[in-house]
Amino acid sequence: MVIKPRVRGFICVTTHPTGCDAAVKQQIDYISARPKIVNGPKRVLVIGASTGYGLAARITAAFGSDAATLGVFFEKPGSETKPGSAGWYNSAAFHKYAGQAGLYAKSVNGDAFSDEVKDQVIALIKADLGQVDQVVYSLASPRRKHPKTGEVITSTLKPIGAPITLRGLDTDKVKLTETHLEPATEEEIAGTVAVMGGEDWQMWIDALAAAGVLAEGCTTTAFTYVGEEITQAIYWNGSIGAAKKDLDQKVLGLREKLAAIGGDARVSVLKAVVTQASSAIPTMPLYLSLLFKVMKEKGTHEGCIEQLDVLYDILYGGKADGTAVERLRHDLTDAEGRHVELIDDAGRLRADYKEMAPGVQAEVLELWPQVTDENLYEISDLEGYKADFLRLFGFGVEGVDYDADVDPDVKIDNLVDMT
């Protein structure tokens, strides 16, 4: 069939298998062209491995460090008459290219919150890898079935304490909007923390440790976003932020647990990028459009794969060409005359330093009140935002013939399907 994009709000209801494949290959090519990671991980578990930062982490570990990777995700396959999810096609492409490179790649498709999936992953590690030396936690879900109580818990996107009115952007109508949100209740906050906080990450590490499949020196990281003035009312100071602050608490216990085997646990702060999740947050499309404009003009813009390349340098000390963290830090001091701390006061790893540069944030803040319906395309990079959004679903990727027939029924090699 010929597949074209059909966008409804912040979701594209179609996906393009060839486009997803090409987008994954571009990320692989980027990492493959970089020097190898010094002392990088060799056996990596990525929980939430099919899209966005989780996929980029898997690509970086595999093609930047020659790591065997085991991925966990919850995706839908296509059929002869209907496309599958973008994450399904991304994972199929990753498996294909990893196989061509002689790299181990297996995946489990199922509910990562469940005990059954954890047990299956542990069994695969024991059978194939023995142990893992890195665990990446990159789950993004609006709800969670608790493995112990069976309760289905839902997350909420609301402020805490007082109502807020947010300036935003309707990307379909290309019009500025205002969204009024009432504060979250205590129950809604607790639900959001239960879904998006650190409990499941902790359960994964506890289960892996109890099974003896964490190698000496094993590291783990979970991804977060902190943001600045424009986004903090709905994000860091809202119900999502409460969940992210829970990560900061849970990581302390994980760090202590892994220290016993010479390992470490860190929360990693990553740059704002276009994802399905960020598209649903009222302020983010407008903020991202302005941010992209500013960062592209400064030559500092990064997508998922560039961010993970930076993060792995921070995690493992640099590249084979001598680009060590110390040199990275030294180079950064010249950009705006400030010293960049790659580990902040809370112990988080800060790969988002280019977004958080005072000069970048000052320019975005200056542009924020200037935006109107009439000047959106001039004052922001809305075109770039829309292009990135469509790329999430395999559309607008260079070199792909979107008028050609494609088969949406794509298989994933070495997949354990538990759906």
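Residues numbered from 1 in each chain as written. Predicted model: local features only at pLDDT ≥ 70, side-chain atom pairs only at ≥ 80, totals over all residues. Heavy atoms only, no water.

(A) Fine view of the sheet that holds strand 13 (residues 349-350). Taken in spatial order, the eight strands make up an open sheet running 13-12-11-6-3-4-5-14, and their pairing is parallel. Edge positions in the sheet fall to strand 13 and strand 14 (415-417), since each has one partner strand and no second. The sheet contact formed by strand 11 (residues 214-224) and strand 12 (residues 264-269) spans six bridges and is parallel. Across the sheet, residue Thr220 finds its bridge partner in strand 12, namely Ala265. Set on the sheet, helix 3 (residues 86-100) makes contact with strand 4 (68-73), strand 5 (105-109) and strand 14; between it and strand 5 the angle comes to about 160°. Across the face of the sheet, helix 11 (residues 304-316) comes into contact with strand 6 (132-137), strand 11, strand 12 and strand 13 while running at roughly 135° to strand 6. (Pairing = 2+ DSSP bridges. Helix = DSSP H or I, 4+ residues; strand = E, 2+ residues; numbered from the N terminus. Contact = heavy atoms within 4.5 Å. Axes fitted to C-alpha atoms, helices over the stretch in contact; angles between N-to-C directions.)

(B) Inspection of the packing of aromatic side chains at higher detail. Summed over the entire model, instances satisfying the criterion amount to seven aromatic pairs. If you follow Lys25 out to its NZ or CZ, it ends over the ring of Tyr97, 5.7 Å from the centre. (Phe/Tyr/Trp six-rings, centres within 6.5 Å; stacked < 30°, edge-to-face > 60°. Lys NZ or Arg CZ within 6 Å of the ring centre and 35° of its normal.)

(C) How the structure looks around helix 3. When the terminal C-alpha atoms of helix 3 are compared, their 21 Å separation across 15 residues agrees well with the 21 Å that a helix rising 1.5 Å per residue should span. Along helix 3, the positions that sit buried rather than exposed are Ala86, Gly87, Trp88, Tyr89, Asn90, Ser91, Ala92, Ala93, Phe94, His95, Tyr97 and Ala98. One or two steps after helix 3, the chain reaches Gly102, where phi turns positive at roughly 75°. (Expected span 1.5 Å × (residues − 1). Buried < 20%, exposed > 50% of the residue type's maximum accessible area, 1.4 Å probe, protein only.)

(D) Expanded view of the pattern of salt bridges. Scanning the entire structure with this criterion turns up 25 salt bridges. Lys298 serves as the salt-bridge partner of Glu363, at 2.9 Å between the closest nitrogen and oxygen. Of this pair, Glu363 sits in helix 13 (residues 358-367) while Lys298 sits in helix 10 (residues 284-298), and the two are 65 residues apart along the sequence. When its relative accessible area of 38% is taken as the criterion, Lys298 is described as partly exposed. Where Glu302 meets Lys354, a salt bridge forms, and the shortest distance between an N and an O atom there is 2.9 Å. Of this pair, Glu302 sits in the loop between helix 10 and helix 11 while Lys354 sits in the loop between strand 13 and helix 13, placing them 52 residues apart in sequence. (Salt bridge = Lys/Arg side-chain N within 4 Å of Asp/Glu carboxyl O.)

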